[in-house]
Amino acid sequence: MIYVYAIGEHGGRLTAFVKRGVTCAPAPEPDALLDHDRVVHSLMGDGAVVPMRFGTVVGDESDIRSLLLKRRKELRDLLTHVRGRVEFGVRAPQVSASTGRDYMHAKLEVDRLLAPLAELAADTRVRHRDTAYLVDRELAAAFQERARNMKLALSGPWPPYSFTGALRG
Amino acid sequence: MTESLVQGREVTLVDLVDRLLGGGVVISGDITLAVADIDLVQVSLRALVATVEKVAEGVA
C-alpha cells in the first residue's frame, strides 16, 4: 500500500508525495505523527503543498492517479490558496457565559481582541481548540510578534492543515 | 508551555495531534482507503524526505 503525505507540484505537474511499501495505515502515535508533519513541512519548503489527513493510505498508484486527474481543478485551487503561506494556531481566551446574550457579548469581545491578527492573515478558520490563520510567509514574523505581544498562545508555523477540505475520489 | 517538539517551530504534541487528526485533505468515494487502525501491525514510518517518492503525475 501507499502512504500519501501531501499533494503538491513537481515540474509544474500535480504530484502526490508518498511512501511506498506500507503494509497498513499507521497508528496515530507520536513518532508517526512527527514523521508526517516533518515530511509535509519539508515539502512545503520546495513549493505549495496540500497536506493529506494523517493516516491516508491508498491501495495502489492508480488510486492516487485517478484522484489527481478527477480532482485536479480543486487541488489546483487549494494549492493556489496556500502558496507562499503558512498556518499558525492561536488559542483565544475561552468564552464562558451563563446566558446566550452574555455569550454573544463575550464572543464579540474575543473577535475584537483577535482582529489585529486577522488583519495580517489571508484566511482564518475557527477550529475546536484554536483559531487557524493562513499567513503570507513575509508576514509570518510580524504575525508571531503580534501574537506574543498580545500574550496569546501560538503554535506553528504549520503546513496548511486547516485550509484543506474533503475530496471525492 | 510545553517544550517544542520541532526545532525552530512552536509545536507541542497536543497541537500536533489536534492538527494532524483534524486537518488535511480527506478523500471519500471510490478510492480504496485504509483507515488508521491500532489493531494492525505496527509500521515504522521514519521516512526522510529523501525517501519520499513522487508518483502520479497529473495534468499540468
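Below or above, wherever it landed, is the structure these notes cover. Here the structure is a predicted model, which means the values were calculated and not measured.

1. A few points about the overall build of chain A
Consideration 1: Helices and strands together make up the secondary structure of chain A, namely five helices and nine strands.
Consideration 2: For chain A, the succession of helices and strands along the chain, N to C, is β-β-α-β-β-α-α-β-α-β-β-α-β-β.
Consideration 3: Each of the three principal axes of chain A carries a C-alpha extent, and together these read 55 × 35 × 30 Å.
Consideration 4: Put simply, chain A has 169 residues, and 49% of those count as buried.
Consideration 5: Here the analysis covers contacts within chain A between residues at least 6 apart in sequence; of these, 71% occur between residues at least 24 apart.
Consideration 6: For chain A, the accessible surface area stands at approximately 7,800 Å², while carbon and sulfur atoms represent 51% of it.
Consideration 7: Measuring between centres, the 25 positive side-chain charges of chain A sit 3 Å from its 21 negative side-chain charges.

2. Re the sheet that holds strand E8 (residues 153-158) of chain A
Consideration 1: Reading across from one edge, E6-E7-E5-E8 (chain A) is the order of the four strands in this open sheet, with antiparallel pairing throughout. In this open sheet, the two strands that pair with only one neighbour each are strand E6 (123-126) and E8 of chain A. Each strand of the sheet is rotated relative to its neighbour by a mean of 20°, with strand direction disregarded.
Consideration 2: The sheet contact formed by strand E5 (residues 85-91) of chain A and strand E7 (residues 131-136) of chain A spans six bridges and is antiparallel. The residue of E7(A) that forms the bridge with Gly89(A) is Ala132(A).
Consideration 3: Across the face of the sheet, helix H1 (residues 13-22) of chain B comes into contact with E5, E7 and E8 of chain A while running at roughly 55° to E8(A).

3. Looking at the layout of surface pockets
Residue and element names in this part refer to chain A.
Consideration 1: One number sums up the size of the largest pocket: a volume of about 430 Å³.
Consideration 2: Lining the largest pocket are 20 residues, and of these Ala-92, Lys-107, Val-110, Val-126 and Thr-131 sit closest to its centre.
Consideration 3: Elements supplying a minimum of two residues to the lining of the largest pocket: helix H4 (100-120), E6 and E7.
Consideration 4: With seven residues, the top contributor of residues to the lining of the largest pocket is H4.
Consideration 5: Classifying every residue of the lining of the largest pocket by side-chain character gives ten nonpolar, four polar and six charged.

4. Concerning the pattern of salt bridges
Consideration 1: Applying the stated criterion across every chain, the model contains 19 salt bridges over all chains.
Consideration 2: A salt bridge links Arg71(A) to Glu74(A); its shortest N-O distance comes to 3.3 Å.
Consideration 3: Among the ionic pairs, Asp123(A) bridges to Arg125(A), the shortest N-O distance being 3.1 Å.
Consideration 4: What emerges from the salt-bridge pattern is a single network uniting Glu87(A), Arg127(A), Asp130(A), Asp18(B) and Arg19(B).

5. A short note on the packing of aromatic side chains
Residue and element names in this part refer to chain A.
Consideration 1: Tallied over the full model, the rule gives five aromatic pairs over all chains.
Consideration 2: Residues Tyr-3 and Phe-54 carry aromatic rings whose centres are separated by 6.5 Å and whose planes lie at 65° to one another, so their mutual orientation is edge-to-face. Of this pair, Tyr-3 sits in strand E1 (residues 2-10) while Phe-54 sits in the loop between strand E3 (50-51) and strand E4 (57-58), placing them 51 residues apart in sequence. Pair check on accessibility: Tyr-3 and Phe-54 agree, each one buried.
Consideration 3: Centre to centre, the rings of Phe-88 and Phe-143 are 5.2 Å apart; their planes meet at 20°, and the pair counts as stacked. Of the two residues, Phe-88 is situated in strand E5 and Phe-143 in helix H5 (residues 137-149); the sequence distance between them amounts to 55 residues.

Conventions adopted
- Residues numbered from 1 in each chain as written.
- Chains lettered and ligands numbered in written order.
- Predicted model: local features only at pLDDT ≥ 70, side-chain atom pairs only at ≥ 80, totals over all residues.
- Heavy atoms only, no water.
- Helix = DSSP H or I, 4+ residues; strand = E, 2+ residues; numbered from the N terminus.
- Buried < 20%, exposed > 50% of the residue type's maximum accessible area, 1.4 Å probe, protein only.
- Contact = heavy atoms within 4.5 Å.
- Areas by Shrake-Rupley, 256 points an atom, 1.4 Å probe, with all protein chains shown as cover.
- Lys, Arg positive; Asp, Glu negative; His and termini not counted.
- Charge placed at Lys NZ, Arg CZ, Asp CG, Glu CD.
- Pairing = 2+ DSSP bridges.
- Axes fitted to C-alpha atoms, helices over the stretch in contact; angles between N-to-C directions.
- 1 Å grid on protein atoms, 1.4 Å probe; cavity = no way out; pocket = protein on both sides within 12 Å on 5 of 7 lines; lining within 4 Å.
- Points joined across faces, edges and corners; volume = space filled by probe spheres on them.
- Nonpolar A, V, L, I, M, F, W, Y, C, P; charged D, E, K, R; others polar.
- Salt bridge = Lys/Arg side-chain N within 4 Å of Asp/Glu carboxyl O.
- Phe/Tyr/Trp six-rings, centres within 6.5 Å; stacked < 30°, edge-to-face > 60°.

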